[in-house]
Amino acid sequence: MNNAPMGRARRAASEFFVIVVGVLVALWIDAGWGWLEDRGDERALLRDLQADFEVNLDEIRTAAVRRATTSNLGSRLVRDGISGFSPDSLDAVVMSVYQVWTLNPRMGALESSISAGRIDLIRNDELRSALTSWAGYFEDAEEETRLMMPHVVDLYVATSSSFLRNASSQEMLELMLNDPELTGVIAMVASAYGNTAAELEDLAHQTQRVLGLLEAELAGAS
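Below or above, wherever it landed, is the structure these notes cover.

Calculation criteria
- All chains use their own residue numbering, which begins from 1 and follows the written sequence.
- Reporting of local features is limited, given that this is a predicted model, to residues whose pLDDT is at least 70; pairs of side-chain atoms are given and counted only at 80 or more, and all residues count toward the totals for whole chains, interfaces and linings.
- Note that water and hydrogens are dropped before the side-chain values are worked out from all heavy atoms of the structure.
- Each helix is a run of DSSP H or I of at least 4 residues and each strand a run of E of at least 2, with the numbering of both proceeding from the N terminus.
- Remark: exposure states derive from per-residue accessible area (1.4 Å probe, protein chains only) relative to the maximum for the residue type, with buried under 20%, exposed over 50%, and partly exposed in between.
- By definition in these notes, contact holds between two residues if any of their heavy atoms fall within 4.5 Å.
- By definition, the arc is the one covered by directions from the helix axis to the C-beta atoms.
- Geometry is summarised by axes, namely lines fitted to C-alpha atoms with helices restricted to the contacting stretch, and by angles between N-to-C directions that run from 0 to 180 degrees.
- Working definition: roughly parallel below 35 degrees, roughly antiparallel above 145 degrees, roughly perpendicular at 65 to 115 degrees, and oblique for all remaining angles.
- Two helices crossing with the near one rotated counterclockwise from the far one by less than a right angle form a left-handed crossing, whereas a clockwise rotation gives a right-handed crossing.
- Criterion for a salt bridge: a side-chain nitrogen of Lys or Arg within 4 Å of a carboxyl oxygen of Asp or Glu.
- As used in this record, nonpolar core signifies buried Ala, Val, Leu, Ile, Met, Phe, Trp, Tyr and Cys residues forming a set joined through side-chain atoms within 4.5 Å.
- Here a polar contact means two N or O atoms within 3.5 Å. Within protein one must be a hydrogen donor candidate and the other an acceptor candidate, and residues neighboring in sequence count only if both atoms are side-chain atoms.
- Here a helix's expected span is defined as the number of its residues, less one, multiplied by 1.5 Å.
- One axis fitted to the seven residues ending at a residue, another fitted to the seven starting there: the angle between these axes is the bend at that residue.
- Candidates for patches are residues over 30% relative accessible area with no salt bridge; among them, like charges are joined within 9 Å and nonpolar side chains (Val, Leu, Ile, Met, Phe, Trp, Tyr) within 5 Å.
- Note on areas: these come from Shrake-Rupley sampling with a 1.4 Å probe, and a residue is covered only by the protein chains present in the view.
- Aromatic pairing here means that ring centres of Phe, Tyr or Trp (its six-membered ring) are within 6.5 Å. Orientation follows from the plane angle: under 30 degrees is stacked, over 60 is edge-to-face, and everything else is tilted.

### Some details on the overall build of the chain
And then number 1: Helix and strand counts for the chain stand at seven helices and zero strands.
And then number 2: Reading the chain from its N terminus to its C terminus gives the helix and strand order α-α-α-α-α-α-α.
And then number 3: For the chain, with 222 residues in total, the buried portion stands at 33%.
And then number 4: Restricting to contacts in the chain with at least 6 residues of sequence separation, those with at least 24 account for 82%.

### Quick notes on helix H6 (residues 169-177)
Given 3.6 residues to a turn, an α-helix orients residues that are three or four positions apart in the same direction.
And then number 1: If you check which residues of H6 are buried, you get Ser169, Met172, Leu173 and Met176. Projected onto a plane normal to the axis of H6, the buried residues spread over an arc of 95° and lie on a single side.

### A few points about the packing of helix H2 (residues 90-98) against H6
And then number 1: It is at 9 Å that the axes of H2 and H6 come closest, and there the two elements cross at 45°. Taken together, the axis directions place H2 and H6 in an arrangement best described as oblique. When you trace H2 past H6, the crossing you get is left-handed. Of the residues in H6, those in contact with Leu90, Asp91, Val93, Val94, Val97 and Tyr98 of H2 are Ser169, Gln170, Met172, Leu173 and Met176.

### A few points about the pattern of salt bridges
Where charged atoms from two side chains of opposite charge approach closely, those side chains can pair.
And then number 1: Inspection of every chain in the model, using the stated rule, returns seven salt bridges.
And then number 2: Among the ionic pairs, Glu42 bridges to Arg123, the shortest N-O distance being 2.9 Å. You can see Glu42 sitting in helix H1 (residues 3-80) and its partner Arg123 sitting in the loop between helix H3 (108-115) and helix H4 (125-158), a full 81 residues away along the chain.
And then number 3: Put simply, Arg106 and Asp52 hold a salt bridge, and the shortest N to O gap is 2.9 Å. With Arg106 in the loop between H2 and H3 and Asp52 in helix H1, this residue pair connects regions lying 54 residues apart in the sequence.
And then number 4: Judged by relative accessible area, Asp52 falls into the buried class, the value being 8%.

### Considering the nonpolar core
And then number 1: Counting residues in each nonpolar core, the largest one holds 27 residues, and the members touching the most others are Leu49, Leu131 and Trp134.
And then number 2: Of all the secondary-structure elements, those providing two or more residues to this core are H1, H3, H4 and helix H7 (180-221).
And then number 3: At eight residues, H7 tops the list of elements feeding residues into this core.
And then number 4: In terms of nonpolar packing, the next biggest core, distinct from the first, is built from 22 residues, Leu73, Val97, Val152 and Leu173 among them.

### Examining the side chain of Thr207
And then number 1: Tracing the sequence through the fold places Thr207 in helix H7.
And then number 2: Judged by its relative accessible area of 0%, Thr207 is buried.
And then number 3: Excluding residues within four positions of it along the chain, Thr207 makes contact with Phe53, Leu57, Ile60 and Trp134.

### Some thoughts on the environment of Ser86
And then number 1: You can see Ser86 is positioned in the loop between H1 and H2.
And then number 2: At 2.6 Å, the side chain of Ser86 forms a polar contact with the side chain of Asp88.

### Observations concerning H4
And then number 1: In this model, H4 (34 residues) spans 52 Å end to end at C-alpha, consistent with the 50 Å of a helix rising 1.5 Å per residue.
And then number 2: Its axis deflected by about 40° at Glu142, H4 carries its strongest bend there.
And then number 3: When we look at burial in H4, the residues that qualify are Leu127, Ala130, Leu131, Trp134, Phe138, Ala141, Glu142, Thr145, Met148, Val152 and Leu155.
And then number 4: A distance of 2.9 Å separates the backbone nitrogen of Glu126 from a side-chain oxygen at the start of H4, and that oxygen is part of Asn124.

### Focus on a nonpolar patch on the surface
And then number 1: Taken together, the side chains of Val153, Tyr156 and Val157 present a nonpolar region at the surface, about 290 Å² in accessible area.
And then number 2: Topologically, Tyr156 is positioned in helix H4.
And then number 3: According to the relative accessible area criterion, Tyr156 is partly exposed, its value standing at 43%.

### Details of the environment of Gly81
And then number 1: As for its position among the elements, Gly81 is in the loop between H1 and H2.
And then number 2: The contact partners of Gly81, leaving out residues within four places of it in the chain, are Arg76 and Leu177.

### Considerations on the packing of aromatic side chains
And then number 1: All chains considered together, the criterion is met by three aromatic pairs.
And then number 2: Relative to Trp134, the ring of Phe53 has its centre 5.1 Å away and its plane inclined at 70°; by these criteria the two rings are edge-to-face. Of this pair, Phe53 sits in helix H1 while Trp134 sits in helix H4, placing them 81 residues apart in sequence.
And then number 3: Since its relative accessible area comes to 0%, Trp134 is described here as buried.
And then number 4: Aromatic side chains Tyr98 and Tyr156 sit 5.7 Å apart centroid to centroid with 85° between the ring planes, which places their arrangement in the edge-to-face category. With a gap of 58 residues between them, Tyr98 in helix H2 and Tyr156 in helix H4 connect regions that are remote in the sequence.

From the geometry alone we can't say anything about function, so treat these as descriptive.
Structure follows, in structure tokens:
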């Protein structure tokens with residue numbers, strides 16, 4: 001008779017223990033599954049970022065070469081005039097005067113991850129910091145180019161009549177060089193591109209750093 005209450009208490013305790021263990025196991029499985037999902041999402045994000053930044057590095061290097069070439073041609077044109085160039089190179093000189101070499105990086109994966117808060121999936125603090133600061137390097141590299149764009153548009157408008165009457169490259173360059181204001185625009189463009197060289201180099205270095213960190217993370221996650 002005295003054992004009956006004790007037996008019921010033991011059964012109740014056993015059932016309670018089973019329930020608690022079941023809940024804890026379910027929570028552990030859910031947490032583990034969530035962790036696995038996060039790691040999968042992290043790897044996918046890292047791969048997307050790597051693809052974007054590989055394209056960006058190529059574009060930065062291309063822009064650096066083009067800006068250096070345009071800066072050199074513009075400086076020579078202002079300093080030496082048309083006589084500093086061979087006749088068959090004048091077409092390229094005219095085109096360089098009108099070109100604005102802006103950067104158009106692929107930032108879809110980075111911007112969407114930041115706006116959606118998915119950047120926190122990246123556990124590496126150094127990589128996460130490098131990614132969030134990259135846009136600042138990009139803005140520095142583009143600032144002078146954006147400021148000079150309206151002046152290049154003004155230059156084009158001022159010489160558009162020459163285009164319409166199919167003037168030769170020599171005639172167009174002479175028109176620019178005979179107008180102090182237009183010559184000033186050419187000099188300003190050449191100077192601006194020269195000034196952005198250091199910022200482009202910093203941007204390329206930062207992009208390479210991000211790619212190195214991404215590669216290391218992907219290698220560790222595989």
